[in-house]
Amino acid sequence: MDLMTFIRRLPKAELHIHIEGSLEPEMMFDLARRNGVALPYASVEAARAAYAFEDLQSFLDLYYAGAGALLHGQDFYELAMAYFRRAHEDGVVHAELFFDPQTHTARGVAFETVLDGLEQAATEAKAQLGVSSRLILCFLRHLSEADAFATLEHARPHLHRIHAVGLDSSELGHPPAEFERVFACCRDLGLRLVAHAGEEGPPEYVREALDRLGIERVDHGVRAMEDPVLVDKLVRERVPLTVCPLSNVRLRVFPDLARHNLKRMLARGLCVTVNSDDPAYFGGYIAQNFLEIALALNLDRSDLVTLARNSLQASFTTRAEQAPWLAQLEAVAEA
Ligand code: HPA
Ligand code: ZN
């Protein structure tokens, strides 16, 4: 069996996918035309050509501009449905989707419009594809804590439809502790907690996200490897890290995949998972991330099985939900 076939057959969970980051240029142009929204590109080709990023911020500028094409519930539904179909082809059995409500409410799109569209897709993905999912509301860290609290108020009538909260956007200069109170409030409301930390930011941000926000998973977290004591803690407490190899190279966190630290993270005993982050912008969905990092770092098939197993166990699903996926995973591993 060739490597890509093997990767696709592994049942896996995707735990780090920004649904707005799955907006392919073709759909962006279709939606922009349908909605009468102007885009900063003349064509699909020009959009793709503009995806040459220098750092996280240069990506975010285009990512937020692209999200401007999304206006109606139907748009969010189509976006998420396209993602679920693509993820299903890659062997994703469960996905935990980040969404950025502030990007939309700031443009006059109602919180409910976003949530209704995403939820309709999630229901259909479960029924038609057998892919289960959860929604993770992300607060934008370049905006204020007051803005995050206002977003939580929008979410309050819908808390049964949202599983967790996260923290994303520009990391440098926006330490997690700025959001300590809003995360404490979310925890009291029964929401699970994750945050981006240690992508561009220093290991201290990872520590702060763990100790002051009380997060259960670290999104990215690759820079945690600079702090051996922190790594010991992450290993001891089995805190999962949602690593995104192609994203890391496109945003120049590493100069190339051969110099990515994922293999060292695995060797240290960290609970590493592989994810796509913003697949429409970074050149590949989850299976492509598995394939390229496996080839660049010479990972063997048992490493890929470990990465897939970690993703299922690190998800917010119950053990009962995980059991059939884990059994299927072991069957593929042994075949
Ligand atoms: N980091 C921070 N914010 C984001 C990212 C990311 O990789 N993708 C979308 N928003
Ligand atoms: Zn991300």
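What counts as what
Residues numbered from 1 in each chain as written. Chains lettered and ligands numbered in written order. Predicted model: local features only at pLDDT ≥ 70, side-chain atom pairs only at ≥ 80, totals over all residues. Heavy atoms only, no water. Phe/Tyr/Trp six-rings, centres within 6.5 Å; stacked < 30°, edge-to-face > 60°. Helix = DSSP H or I, 4+ residues; strand = E, 2+ residues; numbered from the N terminus. Buried < 20%, exposed > 50% of the residue type's maximum accessible area, 1.4 Å probe, protein only. Near = heavy atom within 4 Å. Polar contact = N/O pair within 3.5 Å; in protein donor to acceptor, adjacent residues only side chain to side chain. Areas by Shrake-Rupley, 256 points an atom, 1.4 Å probe, with all protein chains shown as cover. Nonpolar A, V, L, I, M, F, W, Y, C, P; charged D, E, K, R; others polar. Pairing = 2+ DSSP bridges. Axes fitted to C-alpha atoms, helices over the stretch in contact; angles between N-to-C directions.

What follows concerns the packing of aromatic side chains. Going through the model one piece at a time under the given rule, you end up with 13 aromatic pairs. For the pair phenylalanine 59 and tyrosine 281, a centre-to-centre distance of 5.4 Å together with 75° between the ring planes defines the contact as edge-to-face. Of this pair, phenylalanine 59 sits in helix α4 (residues 56-67) while tyrosine 281 sits in helix α14 (residues 279-282), and the two are 222 residues apart along the sequence. We classify tyrosine 281 as buried; its relative accessible area is 1%. Judged by centre distance (6.2 Å) and plane angle (70°), the rings of tyrosine 63 and tyrosine 281 are edge-to-face. Residue tyrosine 63 is located in helix α4, and its partner tyrosine 281 is located in helix α14; the two are separated by 218 residues in the primary sequence. Here tyrosine 63 falls in the buried class, since its relative accessible area comes to 2%.

Moving on to the site of ligand 1. Lining the immediate surroundings of ligand 1 are His18, Leu56, Phe59, Leu60, Tyr63, Asp168, Ser169, His196, Glu199, His220, Asp277 and Asp278. Between ligand 1 and aspartate 277, the relevant distance is 2.7 Å, taken from an oxygen atom to a side-chain nitrogen or oxygen of the residue. If ligand 1 stood free it would expose 260 Å²; the protein chains cover 100% of that surface. The biggest single contributor to the shell around ligand 1 is α4, with four residues. Grouping the constituent residues of the shell around ligand 1 by class yields four nonpolar, four polar and four charged.

Turning our attention to the sheet that holds strand β3 (residues 132-140). A sheet is described by the order of its strands in space; here eight strands give the open sequence β1-β2-β3-β4-β5-β6-β7-β8, paired in parallel fashion. The sheet is open, and its two edges are formed by β1 (12-18) and β8 (271-274), each paired on a single side. Going across the sheet, the axis of each strand differs from the next one's by a mean of 25°, ignoring polarity. Where strand β7 (residues 240-243) and β8 come together, four bridges link them in parallel fashion.

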